[in-house]
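Residue-level structure breakdown
One letter stands for each residue in the lines below.
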Amino acid sequence: MRATWWLRNPRYFLFMVREFSSVFVAAFLVLFLLQIRGLRAGAEVYQEYLERLHEPGWIAFHAVAFLFAMYHSLTWFDLTSKIQVVRLGRTVVNRRIVAGLNILAWLVVSGGIFLYWTRG
Amino acid sequence: MKASTSRSTIKLEVTRYRPSVDSEPHDQSYEIPCTDDMVVLDALNYIKDRVDGTLSFRWSCHMGVCGSCGVMVNGQPKLSCAIFLRDYKREPIHIEPLTNFPIIRDLVTDITDFMTKLKAVKPWIIRKKEKPLSEGEYRQSAEELERYHQFSGCINCMLCYSACPVYGLHPGFLGPAAAALAYRYNLDSRDQGNDERQPAIASQEGIWECTFVGECTVVCPKDVDPAAALQRSKVATAQSLLGSFILPRASGKSATEGSS
Amino acid sequence: MDQIQHDIILVGGGAAGLRAAIAALEETPRLSVALVSKVYPMRSHTVSAEGGSAAVVRDYDSLELHARDTVKGSDFLADQDAVEAFVAEAPGEIVQIEHWGCPWSRDPDGRVSVRAFGGMSVKRTVYASDKTGFHMLHALFQTSLKYDQLTRDDEFFVTSLLGEDGACRGVVAWDIRGGRFICLVARTVILCTGGAGRIFPFTTNGAIKTGDGMALAYRAGVPLKDMEFVQYHPTGLPGTGILITEASRGEGGYLLNAKGDRFMSEYAPNKKELAARDVISRAIVDEMQAGRTFDGPYGNYVHLDLRHLGEAAINKKLPFVRELTRNYVGLDPVVDPIPVRPVVHYMMGGVHTDMSGSTPLSGLYAAGEVACVTINGANRLGSNSLTECLVFGARAGAAAARYAAEASQPRTESLLQLAAQEERRVREKFLERKGGKERIVDLREEMHRVMESGAGIYRNETDLKETCRVLRDLREKFDHLASIDKEQVFNTELTAVLELDFMIDVAETVAQSALRRHESRGSHARTDYKERDDSRHPNHFLVTHTPEGPRFDDLPVCITRFQPEKRSY
């Protein structure tokens, strides 16, 4: 197979995008860990770190990482609904409903955390 | 039912490879008369009967169930008897042998590898103790049947192997159809062969090779959904592995469908 | 040439062949069995059977009733001892294949379900949705994989049987992939190559059903039996001939003519759409001749109406019918009636065997559609054939295993010489010939044309004589075939020629037998002999190949309990 096999078919391409999205999710997590380390190093270091995050490059990185994380999460819910069979009595629940409910729950939890964060 | 024609001829580019004359596969163009109700296989047969008798391809049932006639049509794996010329607006239509398989000749590929893998997963009912025939059939509820029925629909047409980039990159991979059939027997209430199949399923080149591209399910002409079978096998295998740590000796049918 | 030796060689890997292979190995596990087929076993035409497999599995039913229905369906030409053995062993075979994993549809109590079928007086057809043949074939094939003593020669085309001292001792096969001849020697050979629907233009049969086994046996001097009886299935899709299962009517579908009438109530007031297939196919042709059918690009047709069954029932019990109709004629049976017309489906006739599958040639067995035991007589009942593959496949396999245990070692040296002769014949006659001008497709279409015009649903002396004449001409034209592909590897033009060669032989036995049967019985309807003639019949015709042409012999039908009576549905 050629190295460009994933350009042959749009679904292969989306699969590769999903795989690639992990890089950004991982990079964000590494930064997050660095942030925690900065916190331990004292208020000043942490403040410096926070300020650096306001630079356009970092904002751009986070915007891209956020999009990839969203894509990864949404496809994750979609894929798990293909794997997980949910039965109600004798009937199998349509997987789109399962995926939809999962996404809804995810949004509710995210919203809750966001509210807690901004108000608390 | 209409035999009316929106176009009267059609151009095809067909892969030719005759081992005694050709060093490698190449395309050959044909232009043949066509009608709206012709499937790709009809076009191939027209060529074979009236244009070029040396063109070789497999086919038999012409109704999408024998699984012989898979080819790549414009880069997509298809059953040539179940796909209409009228659905391809752009000419020429490219017809190639299924990818990811060695080519024997023209559109004929070598599927020996699949036959070996199929046998490796022991796709038959395994019982610890056979029930004598005199005691009649195994009872099976509609729900028990429904659990595995979808996965028993595989016609071994090889489209999924052709669609699977993992198989293309690592030909050792067990592959979608064999994994789906293994899973089909694991889910069957009459079967007790889960443990015997596990070495082939959960090996290095078994289900864990699958990265869930999902294209096998997209191309499957019989809605077997091998991608689901593979992922659910992973869940079941992981569960039974976990189970064997927590509750040694506990295993059974209940775990195999994924935690439902 | 390589020579390989086995105890048993099976030619053909459909339901009968696989069942025979397993039966032989269960009978004598140490045997070496080879399954030789021109296609991978799971491609065999059993795969296209849809509706179900008949057996007595309910308390309301009885073996006698199944036998009576079968004999009546056969228009009293079935051998009743064979029918009685068949119905008695059928239920056990259904249980056996259930134990092997066949996904039978189930009743709420977990037992295998049964549905109504044509000519069966009660519901006795067990089924796996409407893909029964597919599921049975794959269950058998996958089960066969567990027998290590079973070797498979996939994509080997058998060109002739090998014999010595009046016994069959193997086959000569063309290895399609390898592009070479192989001499396969055995103590015994079982033919399970299926029927010959492809001698007709319009058939439900797959491309592979070219009567190979019938022609192989015929050329080896084994008589064929009942060859004039060709079953038309009433409901095929016009154009493609794709089978729309009888289960559609078993589940309650109607046949409607162009006026919207359920015309079968005229022809079969009691059973209507569930009369025997020959009755319904003739009724449709009668409706065509009366001008009460629809006109289409592929000839006249009637409607099969499933709309009143509802979407849920169609999806559950007839999903394949819906899939096929949507794909191939662009109609949805939930909202549209399906256009259908009679289409060649099954050969009642075949290689003459006894109840153990044994043919008059010592060491040669046959089972399935290629064989004629006969439980089918002049018309087979729908859903008896899958069961026949199981029952007589198992019988032939076991009998051949017992024969192999007794038989002497084949003399390999002389058989290899015979095989070398056969190789020379095929190479000189086909592969290496310098061209005549006849094209394969033209000869095949000529055969198709005269088989339909002369040996179709209605037959008469004039047309049959013409068919026989044209077939003789075809034999001559066949010797002037244009040169073919010389490539050794996967030469499908060579296999097409070999198949056509076989088909012309089989077509001739059909037409010649039909010409000689001066009565109308079951699927054989003569417009010049409209009635069944019980004064001279019932007897079978055995047709044997001789250098002077086919020779015919009478064989009386075995009657045990069911005396011939008027047949109506």
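Residues numbered from 1 in each chain as written. Chains lettered and ligands numbered in written order. Predicted model: local features only at pLDDT ≥ 70, side-chain atom pairs only at ≥ 80, totals over all residues. Heavy atoms only, no water.

Side note on the pairing of strand 13 (residues 230–236) of chain C
Residue and element names in this part refer to chain C. So the rule is basically this: Think of it in three bands: residues with accessible area under 20% of the maximum for their type are buried, residues over 50% are exposed, and the middle band is partly exposed, with areas taken using a 1.4 Å probe on protein chains only. Only runs of H or I of at least four residues qualify as helices and only runs of E of at least two qualify as strands under DSSP, and these elements are numbered from the N terminus. In this scheme, strands are said to pair when DSSP sees at least two bridges between them.
With seven of seven residues buried, strand 13 is to be regarded as a mostly interior element. The pairing of strand 13 with strand 17 (residues 338–347) spans five bridges and is classified as antiparallel. Its bridge partner being in strand 17, Tyr232 is matched across the sheet by Val344.

Some thoughts on the interface of chain C and chain B
Using the following cut-off: Residues count as neighbours in contact if any of their non-hydrogen atoms are within 4.5 Å of one another. Each of two parts loses accessible area, computed with a 1.4 Å probe, when they are put together; buried area is these two losses added. Just to be clear on terms, a salt bridge is a Lys or Arg side-chain nitrogen sitting within 4 Å of an Asp or Glu carboxyl oxygen. We define a polar contact as two N or O atoms separated by no more than 3.5 Å, with the added condition that, inside protein, one atom must be a possible hydrogen donor and the other a possible acceptor, whereas residues neighbouring each other in sequence contribute only through side-chain atom pairs. Basically, the charged four are Asp, Glu, Lys and Arg, the nonpolar ten are Ala, Val, Leu, Ile, Met, Phe, Trp, Tyr, Cys and Pro, and anything else, Gly included, counts as polar.
Contacts between the two partners involve 65 residues from chain C, matched on the other side by 66 residues from chain B. Both sides together, the interface formed by chain C and chain B hides about 5500 Å², and carbon and sulfur atoms give 54% of it. At the junction of chain C and chain B, the tally comes to eight salt bridges. Note that Asp485 of chain C and Arg105 of chain B form a salt bridge whose closest N and O atoms lie 2.7 Å from each other. Taken together, the connections running from chain C to chain B amount to 34 residue pairs in polar contact (both at pLDDT 80 or more). Mapped onto the side of chain C that touches chain B, the elements with two or more residues apiece are helix 3 (80–99), helix 4 (132–144), strand 7 (150–154), helix 10 (319–329), helix 13 (440–455) and helix 15 (492–516) of chain C. Tallied by class, the residues present in the side of chain C that touches chain B amount to 28 nonpolar, 16 polar and 21 charged.

So, the sheet that holds strand 3 (residues 70–73) of chain B
Residues and elements named next belong to chain B. The condition is simple: For helices, the fitted line uses only the C-alpha atoms of the stretch in contact; every axis is such a line through C-alpha atoms, and the angle between N-to-C directions lies from 0 to 180 degrees.
Taken in spatial order, the five strands make up an open sheet running 2-1-5-3-4, and their pairing is mixed. Taken across any chain shown, the strands that pair with only one partner, and hence form the sheet edges, are strand 2 (26–33) and strand 4 (76–79). For this sheet, the mean angle separating the axes of adjacent strands, direction not counted, is 35 degrees. Lying over the sheet, helix 1 (residues 40–51) contacts strand 1 (9–16), strand 2, strand 3 and strand 5 (93–96), oriented at roughly 90 degrees with respect to strand 2.

As for the domain arrangement of chain A
So the rule is basically this: An automatic or database domain assignment is the source of the domain bounds shown.
Looking at the assigned domains, one finds that chain A contains domain 1 (1–68) and domain 2 (84–120). Just the C-alpha atoms count here: the centres of domain 1 of chain A and domain 2 of chain A sit 25 Å apart.

Here's the deal with the domain arrangement of chain B
As a measure of interface size, the accessible area lost when the parts come together is often cited. Residues and elements named next belong to chain B. Domain annotation for chain B reports domain 1 (9–109) and domain 2 (112–255). For domain 1 and domain 2, the distance between their C-alpha centres works out to 31 Å. Each partner contributes to the interface: domain 1 provides 14 residues, whereas domain 2 provides 15 residues. When the two sides are added together, the surface that domain 1 and domain 2 hide from each other amounts to roughly 1000 Å², 60% of it contributed by carbon and sulfur. Going through the elements one at a time, strand 3 and strand 4 are the ones with two or more residues in the side of domain 1 that touches domain 2. Counting residues per element, the side of domain 1 that touches domain 2 draws most heavily on strand 4, which supplies four residues. Here the side of domain 1 that touches domain 2 is composed, by residue class, of seven nonpolar, six polar and one charged.

Details of the interface of chain B and chain A
Residue-level contacts link 24 residues of chain B with 16 residues of chain A. Together chain B and chain A conceal approximately 1800 Å² of surface at their shared face, both sides included; 55% is due to carbon and sulfur atoms. The tally of links between chain B and chain A comes to two salt bridges. The shortest N-O distance in the salt bridge between Glu146 of chain B and Arg87 of chain A comes to 3.4 Å. Here chain B is connected to chain A by six residue pairs in polar contact (both at pLDDT 80 or more). Of all the secondary-structure elements, those providing two or more residues to the side of chain B that touches chain A are helix 3 (142–149), helix 4 (159–163), helix 5 (165–169), helix 8 (215–219) and helix 9 (226–246) of chain B. When residues in the side of chain B that touches chain A are grouped by element, the largest group, four residues, is from helix 9 of chain B.

Quick notes on the arrangement of the chains
Counting contacts across all two pairs of chains that touch, the top-ranked interface belongs to chains B and C. There is a clear gap between chain A and chain C: no contact, and 13 Å between their nearest C-alpha atoms.

Looking at the packing of helix 2 (residues 63–73) of chain C against helix 3 of chain C
Residues and elements named next belong to chain C. This is how it is decided: Here is the rule for angles: anything less than 35 degrees is roughly parallel, anything more than 145 is roughly antiparallel, 65 through 115 is roughly perpendicular, and the remaining ranges are oblique. Here a crossing is taken to be left-handed if its near helix is turned anticlockwise relative to the far helix by less than a right angle, and right-handed if that turn runs clockwise.
It is at 9 Å that the axes of helix 2 and helix 3 come closest, and there the two elements cross at 130 degrees. Taken as axis vectors, helix 2 and helix 3 run oblique relative to one another. When you trace helix 2 past helix 3, the crossing you get is right-handed. Residue-level contacts link Leu63, His66, Ala67, Thr70 and Val71 of helix 2 to Gln80, Val83, Phe86, Val87, Ala88 and Pro91 of helix 3. Its residues placed into classes, the contact of helix 2 with helix 3 shows eight nonpolar, three polar and no charged.

Examining the pairing of strand 9 (residues 167–175) of chain C
All names here are of chain C. Along strand 9, nine of the nine residues are buried, which leaves the element largely enclosed by surrounding structure. Where strand 8 (residues 156–164) lies against strand 9, eight bridges are found, and the strand directions are antiparallel. Looking across to strand 9, one finds that Gly163 is bridged to Cys168. Hairpin connection of strand 8 to strand 9: two residues between the antiparallel strands, including Asp165 at a positive phi of 50 degrees. Pairing of strand 9 with strand 10 (residues 180–185) involves six bridges; the strand directions are antiparallel. In the sheet register, Ala173 faces strand 10, and the bridge partner there is Ile182. Count of turn residues in the strand 9/strand 10 antiparallel hairpin: four residues, of which Gly179 carries a positive phi of about 65 degrees.

Thoughts on the packing of aromatic side chains
The way to describe two aromatic rings as a pair is by their centre distance and the angle between their planes. Residues and elements named next belong to chain C. Test applied: Stacked, edge-to-face and tilted labels apply to pairs of Phe, Tyr and Trp rings (six-membered ring for Trp) whose centres lie within 6.5 Å, assigned for plane angles under 30 degrees, over 60, and everything in between, in that order. Sitting over a ring, as applied to charges here, requires NZ of Lys or CZ of Arg to be within 6 Å of the ring centre and within 35 degrees of the ring normal.
Evaluated as defined, the whole model comprises 25 aromatic pairs over all chains. Over the aromatic face of Tyr127 sits the side chain of Arg115, whose NZ or CZ is 3.8 Å from the ring centroid. We note Arg380 situated over the ring of Tyr346; from NZ or CZ to the ring centre the distance is 4.0 Å.

Overview of helix 14 (residues 461–478) of chain C
This is how the line gets drawn: What a helix should span is 1.5 Å times the count of its residues minus one.
With 18 residues, helix 14 of chain C ought to run about 26 Å at 1.5 Å a step, and its terminal C-alpha atoms sit 25 Å apart, in line with that. Lining the buried residues of helix 14 of chain C we find helix 12 (412–431), helix 13, strand 21 (458–459), helix 15 and strand 22 (525–526) of chain C.

Comments concerning the sheet that holds strand 4 (residues 53–54) of chain C
Residues and elements named next belong to chain C. Pairing is antiparallel across the open sheet formed by three strands, whose spatial order is 4-6-5. Each having just a single partner strand, strand 4 and strand 5 (114–115) make up the two edges of the open sheet. As paired strands, strand 5 and strand 6 (residues 125–126) are joined by two bridges and run antiparallel to one another. By the bridge assignment, Arg115 is partnered in strand 6 with Thr125.

Section: the confidence of the model for chain B
As a reminder of what qualifies: Along the chain, pLDDT gives the predictor's confidence residue by residue, from 0 to 100.
For chain B, per-residue confidence averages 92 on the pLDDT scale, and 93% of positions sit at 70 or higher. The model gives residues 1–5 of chain B a pLDDT under 50, and that stretch makes 14 contacts with residues more than four places away or in other chains.

Here we look at the side chain of Asp52 of chain B
Residue and element names in this part refer to chain B. Residue placement: Asp52 occurs in the loop between helix 1 and strand 3. Reaching out from Asp52, the side chain makes a polar contact with the side chain of Arg16 at a distance of 2.9 Å. Not counting the four nearest positions on each side in its chain, Asp52 is found in contact with Arg16, Gln28, Tyr30 and Ile47.

Topic: the environment of Leu515 of chain C
All names here are of chain C. Considering the arrangement of structural elements, one finds Leu515 in helix 15. With 268 residues separating them in the primary sequence, Leu515 and Ala247 have C-alpha atoms 33 Å apart. What Leu515 contacts, discounting residues up to four positions off in sequence, is Glu461, Leu464, Lys465, Cys468 and Arg526.

Re a nonpolar patch on the surface
How we decide: Note on patches: the residues involved have over 30% relative accessible area and no salt bridge, like charges join within 9 Å, and the nonpolar side chains Val, Leu, Ile, Met, Phe, Trp and Tyr join within 5 Å. Surface accessibility in these figures is a Shrake-Rupley result with a 1.4 Å probe; residues are shielded only by whichever protein chains are displayed.
On the surface, Phe28, Leu29, Phe32, Leu33 and Ile36 of chain A cluster together into a nonpolar patch covering about 480 Å² of accessible area. Along the chain, Leu33 of chain A falls in helix 1 (residues 10–40).

Observations regarding the side chain of Asp212 of chain C
All names here are of chain C. Along the polypeptide, Asp212 turns up in helix 5 (residues 212–219). Reaching out from Asp212, the side chain makes a polar contact with the side chain of Thr210 at a distance of 2.5 Å. Leave out the neighbours within four places in its chain, and Asp212 touches Lys38, Phe157, Thr193, Glu499 and Phe502.

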